[in-house]
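A look at the structure
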Amino acid sequence: MLVWQVQDGIRDSGRSAMNRVGDLQRREQKAWGFTGTLSPLAETDTKVLYPRFQEGTGENADYSAAMLRAMIVGMQGGPEVNPKSMMITVKHWPSQGAGGEQTIVYDSTTIKWHMKVWNAAMDANPATVMPGYGSAPYLDPSGEGAGTSKPTLDYLREAVGFDGVVMTDWLASATDTSIKSIGAGADVMSGAMASGTDFNALAAAVGTARIDEAARRVLELKFKLGLFENPYGDPDYPATIWHSVESNNIVNEAARQSLTLLKNDGILPLRPNNGDTIVVAGPRATSDDMANDNIANVIWQSIYHDNPAAKSYYQGIKDRAGAGVNVVLNDAPQARAAVVVIGEKSYTHGTEWPDKQITIPADQVAQIDKFHDRGIPVVCVVVMPRPYVLTDILGKCSAVVVVYRPGNGGGLATAQLLFGDYLPTGRLPFQLPRSVDQVGTDNVADQREKWDLPYDLGATDAERAQIRSYIDSGQPVPTNFGNPLFPYGYGLQNFNPSP
């Protein structure tokens, strides 16, 4: 991993996109006086039905580890906490990607897969770690949630090697919960109101030495961040950085690198003639309009500002098509092509669709049918924050582009891709299921996939045994197990028709 010294005004264009967007977030937040962030997620996502899949880095632990390390160093302004840093809070310990916010199901073998990203995070020396709500029976058979489990937090300190501040997930303002959390090894009680805490009872229960230890860690972090000298922003980062040309170029390039072309029957790139009509339709067609659709291009805590340079899919396509092409919203009697943008609006811990549904809702499929049934070629753009079953729509679409949650640059980057301004380079960071039968339900007793294993959609017991063997022996795990609709790493790297 390349480590560099942050120097204001010097930007290394050779750095990864992940590092560059992390660095941009740091500079933008510092410009406005924000010193901390409750991110990123150090979770390798192997459970399809985990709603917070959208905040993670995919199914491949080695790739996730590299991404997270680069992200933290960018967000922190170097490999050590310093006065130019944001306070990074890595979460959710001990890696909820193997079960979500309930039971984390890894064992002595598969924990090795899920700890890779945490070990990489420790390389970058993050300031704080947030344990989640879920229990990890392998670490603590009592079933205690991570934030109140001493064995689970001891593993973080002793086996993973974290020596910074442990900050709980949001707690009720209850003295009993704070006593359990501090007693287990947490240092900061996030969300617990002081007015609801009996400090005399707290001190009596955990002892002043434990409280002093927690206070010492917090004060040491504040000194490292330079908050006593400069508590209100950083004059080296003017607010004009927000939505500057440089900033917009970084987010646009990050979106470009992520977009993944799954299918193309020759419709792309779009080459309309003067007078041709292109329709842009679907529930996410105008998803960058905050008043219209809760900005589906970003995750749930990215909603505090609006970027005037951001374009909806409709606006991006309309602007790129040029004056001689008719780009209309929703429908037209005839069209050269219909770009139908589907997927979920922004959500928090639970999905927008009912009960973590992974199939495309009927009303969104109907938007595709409306054009396909009239012989109008459909280019489907899928806002896909987590794995979906695309089986039912694949045959109806001439092209399918997955955009994940592409950020403020997503509308522009998508339009540029559709018109062939650059070649697609994105690849799937996870398998896509053929059907819900390959996944099961969100009940630990009804798993069809194994929540702690990568690449096992539709896999046999023998294949799962092989996956476990690779993990246990520390070897790279091949990605071609199972029978997914699309495998991990799939993505057309040019516009040639799909094989």
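In this text, all values refer to a predicted model and were calculated from it rather than measured experimentally.

Pairing is mixed across the open sheet formed by six strands, whose spatial order is β5-β10-β9-β8-β6-β7. Two strands in the sheet have a free side with no partner beyond their single neighbour: β5 (260–264) and β7 (326–329). Within this sheet the neighbouring strands show an average axis-to-axis angle of 15°, counted without direction. Across four bridges, the pairing between β5 and strand β10 (residues 399–402) is antiparallel.

This brings us to the nonpolar core. Note that soluble globular proteins tend to have their nonpolar side chains buried in a common cluster. Counting 36 residues, the largest nonpolar core has Leu 68, Val 90, Trp 93, Tyr 106, Trp 118 and Val 129 as its most contacted members. Contributing elements (two or more residues each) for this core: α2 (61–76), β2 (87–93), α3 (111–123), α4 (150–160), α5 (175–184) and α6 (199–206). Val 90 has contacts with Ser 39, Pro 40, Ala 42, Leu 68, Ile 72, Trp 118, Ala 121, Pro 126, Thr 128, Val 129 and Met 130, leaving out every residue within four places of it along the chain.

With that settled, consider unusual backbone geometry. The omega angle of the peptide bond from Ser 39 to Pro 40 is 5°, so this bond is cis rather than trans. Tracing the backbone shows Pro 40 in the loop between β1 (36–37) and α2. A cis amide bond links Leu 268 with the next residue in sequence, Pro 269, at an omega value of 0°. Secondary-structure assignment places Pro 269 in the loop between β5 and β6 (277–281). Within the chain, Asn 125 stands out as a residue other than glycine whose phi angle is a positive 55°.

What counts as what
- Residues numbered from 1 in each chain as written.
- Predicted model: local features only at pLDDT ≥ 70, side-chain atom pairs only at ≥ 80, totals over all residues.
- Heavy atoms only, no water.
- Pairing = 2+ DSSP bridges.
- Helix = DSSP H or I, 4+ residues; strand = E, 2+ residues; numbered from the N terminus.
- Axes fitted to C-alpha atoms, helices over the stretch in contact; angles between N-to-C directions.
- Core = buried A, V, L, I, M, F, W, Y, C linked by side-chain atoms within 4.5 Å.
- Buried < 20%, exposed > 50% of the residue type's maximum accessible area, 1.4 Å probe, protein only.
- Contact = heavy atoms within 4.5 Å.

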